[in-house]
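Below are the chains, spelled out letter by letter.
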Amino acid sequence: MALDMNAAVKITASVNGQQAVDQLRTSMDRLRDGAASAGKTLAAGFIAIQAIQGVTQFAANVLNAADELSKMSQRTGLTVESLSALSYAADLSGSSVEEVVAAMTKLSVKATEAATGNKTAAATFSALGVSVRDASGQLKTQEALFNDVAAVIRGISDPTLKAAIAVEVFGKSGAKLIPLINTMDELKTEAKELGAVVGSEFAANAEQFNDNVSRMEYLAKGLAKSILSDLIPAVNRLMETMID
């Protein structure tokens, strides 16, 4: 039986149309898969870049902190190890190592006044039962004196009296240091156990590294100024010629 031409055309169009749809669907699936794969690659690359930047920034922060501890050690006479342990303890108790050092300095000044005849300062230490001199008759170090006074304050049960004495011997920030005073020994031990204590050699190397980076920056600026000092006049003359 002869096949009707119109029917044949419809069948052919239907088949071809379905094939086109299938091909389009396949192409879209491939495009979607490719986009997904590219997206994953871009995401992985972005994450990798962020991770590298994070690690770099973290390393810079560690070096900067060690550098500052080295300089602070030179200013205060405290060891880097002591300062880093104090920094850990202060941070966890709501204060800062800078505030602790400031309190130590005020206490040291008061101790010097007591040792040189200031009756009011001498009476303060006498009331605390703390000697400003060590067994050899020398003035105690800032750290030793701070630890002795902190031990006395830590043993006071009356919070009002504790705060008053802290302010008297450490200055206005004394009350803020009470949480540190209460937990200082435990937190300093914890700092050692966690590896948070910075060694003097590492701190000195960090300070030298940062100082050398600064020197290189100044060297680069000097080189740039040297090049630009010869280049800028020529560029200015060229621009003036173009303007005229």
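Reading guide: rules and limits
- Residues numbered from 1 in each chain as written.
- Predicted model: local features only at pLDDT ≥ 70, side-chain atom pairs only at ≥ 80, totals over all residues.
- Heavy atoms only, no water.
- Helix = DSSP H or I, 4+ residues; strand = E, 2+ residues; numbered from the N terminus.
- Buried < 20%, exposed > 50% of the residue type's maximum accessible area, 1.4 Å probe, protein only.
- Contact = heavy atoms within 4.5 Å.
- 1 Å grid on protein atoms, 1.4 Å probe; cavity = no way out; pocket = protein on both sides within 12 Å on 5 of 7 lines; lining within 4 Å.
- Points joined across faces, edges and corners; volume = space filled by probe spheres on them.
- Salt bridge = Lys/Arg side-chain N within 4 Å of Asp/Glu carboxyl O.
- Patch = residues over 30% accessible without salt bridge, like charges linked within 9 Å, V, L, I, M, F, W, Y side chains within 5 Å.
- Areas by Shrake-Rupley, 256 points an atom, 1.4 Å probe, with all protein chains shown as cover.
- Phe/Tyr/Trp six-rings, centres within 6.5 Å; stacked < 30°, edge-to-face > 60°.
- Lys NZ or Arg CZ within 6 Å of the ring centre and 35° of its normal.
- Axes fitted to C-alpha atoms, helices over the stretch in contact; angles between N-to-C directions.
- Parallel < 35°, antiparallel > 145°, perpendicular 65-115°, else oblique.
- Nonpolar A, V, L, I, M, F, W, Y, C, P; charged D, E, K, R; others polar.
- Core = buried A, V, L, I, M, F, W, Y, C linked by side-chain atoms within 4.5 Å.
- Expected span 1.5 Å × (residues − 1).
- Bend = angle between axes of the 7 residues up to and from the residue.

### A short note on the overall build of the protein chain
Then comes step 1: Regarding its fold elements, the protein chain presents 8 helices and 0 strands.
Then comes step 2: Listed by position from the N terminus, the elements making up the protein chain come as α-α-α-α-α-α-α-α.
Then comes step 3: Out of the 244 residues in the protein chain, the part that is buried amounts to 25%.
Then comes step 4: Once local pairs closer than 6 in sequence are excluded, the contacts in the protein chain between residues at least 24 apart make up 61%.

### A few points about the layout of surface pockets
Then comes step 1: Put simply, the largest pocket is a space of about 330 Å³.
Then comes step 2: Here the lining of the largest pocket gets 7 residues from one element, more than from any other, and that element is helix H1 (residues 5-76).

### Structural notes on the pattern of salt bridges
Think of it this way: side chains of opposite charge can pair up when their charged atoms draw near.
Then comes step 1: Per the stated rule, a full pass over the model turns up 7 salt bridges.
Then comes step 2: Two residues, Glu68 and Arg75, come together in a salt bridge whose shortest N-O distance is 2.9 Å.
Then comes step 3: One salt bridge in this structure joins Glu99 and Lys176, with 2.9 Å as the shortest N-O distance. Taken together, the residues span a long stretch of sequence, with Glu99 in helix H3 (residues 97-115) and Lys176 in the loop between helix H6 (159-170) and helix H7 (178-193) at a distance of 77 residues.
Then comes step 4: A residue is classified by how much of its surface remains accessible, and Glu99, at 21% relative accessible area, is partly exposed.
Then comes step 5: On the basis of relative accessibility, which here comes to 41%, the residue Lys176 falls in the partly exposed class.
Then comes step 6: Salt bridges sharing partners connect three or more residues here, namely Asp67, Lys71, Glu207 and Asp211.

### Section: the side chain of Asp67
Then comes step 1: For Asp67, the position within the fold is in helix H1.
Then comes step 2: Excluding its chain neighbours within four sequence positions, the residues that come into contact with Asp67 are Ala203, Ala206, Glu207 and Asn210.

### A look at a nonpolar patch on the surface
Then comes step 1: Residues Leu223, Ile227, Leu228, Leu231, Ile232, Val235, Met239 and Ile243 make up a contiguous nonpolar surface patch of about 740 Å² in total accessible area.
Then comes step 2: In this structure, Ile227 sits in helix H8 (residues 200-243).
Then comes step 3: Given the relative accessible area of 49%, Ile227 is considered partly exposed.

### Re the packing of aromatic side chains
Geometry of an aromatic ring pair is reported as the spacing of the ring centres plus the angle between the planes.
Then comes step 1: Scanning the entire structure with this criterion turns up 1 aromatic pair.
Then comes step 2: Ring geometry for Phe146 versus Phe170: centroids 5.2 Å apart, planes at 45°, classification tilted. In this pair, Phe146 sits in helix H5 (residues 142-154) while Phe170 sits in helix H6, placing the two residues 24 residues apart along the sequence. Of the two residues examined, Phe146 and Phe170, each falls in the buried class.
Then comes step 3: Here the guanidinium or amino end of Lys221 rests over the ring plane of Tyr218, the centre of that ring lying 5.3 Å away.

### Let's talk about the packing of H3 against helix H4 (residues 119-128)
Helix packing for two helices is described by the angle between their axes and how far apart those axes are.
Then comes step 1: Closest axis-to-axis distance for the H3/H4 pair is 7 Å, and the angle between their directions is 110°. Relative to H4, the element H3 lies roughly perpendicular. Contacts between H3 and H4 pair Leu107, Lys110, Ala111, Glu113 and Ala114 from the former with Ala121, Ala122, Thr124 and Phe125 from the latter.
Then comes step 2: Residues of the contact of H3 with H4, tallied by class, amount to 6 nonpolar, 1 polar and 2 charged.

### Details of the side chain of Ser73
Then comes step 1: Note on placement: Ser73 falls in helix H1.
Then comes step 2: Other than its neighbours up to four places away in sequence, Ser73 contacts Leu78, Thr79, Val80 and Leu83.

### Examining the nonpolar core
Then comes step 1: Judged by nonpolar contacts, the single largest core of 43 residues is most densely connected at Val100, Leu107, Phe125, Val149, Ile153 and Phe170.
Then comes step 2: Taken together, the elements giving at least two residues each to this core come down to H1, helix H2 (80-92), H3, H4, H5, H6, H7 and H8.
Then comes step 3: Looking at this core, the element that brings in the most residues is H3, giving 8 residues.
Then comes step 4: Setting aside residues up to four positions removed in sequence, Val100 forms contacts with Leu86, Ala90, Phe146, Leu177 and Leu180.

### Let's talk about H8
Then comes step 1: Along its 44 residues, H8 runs 61 Å from first to last C-alpha, staying within 8% of the 64 Å computed at 1.5 Å per residue.
Then comes step 2: The axis of H8 is deflected most strongly, by about 35°, at Leu228.
Then comes step 3: Within H8, burial applies to Ala203, Ala206, Glu207 and Asn210.

### Side note on the environment of Glu113
Then comes step 1: Relative to the elements of secondary structure, Glu113 occurs in helix H3.
Then comes step 2: Spatially, the C-alpha atoms of Glu113 and Val132 are 10.0 Å apart, while their sequence positions differ by 19 residues.
Then comes step 3: Beyond its immediate chain neighbours, meaning those up to four positions away, Glu113 contacts Asn118 and Ala121.

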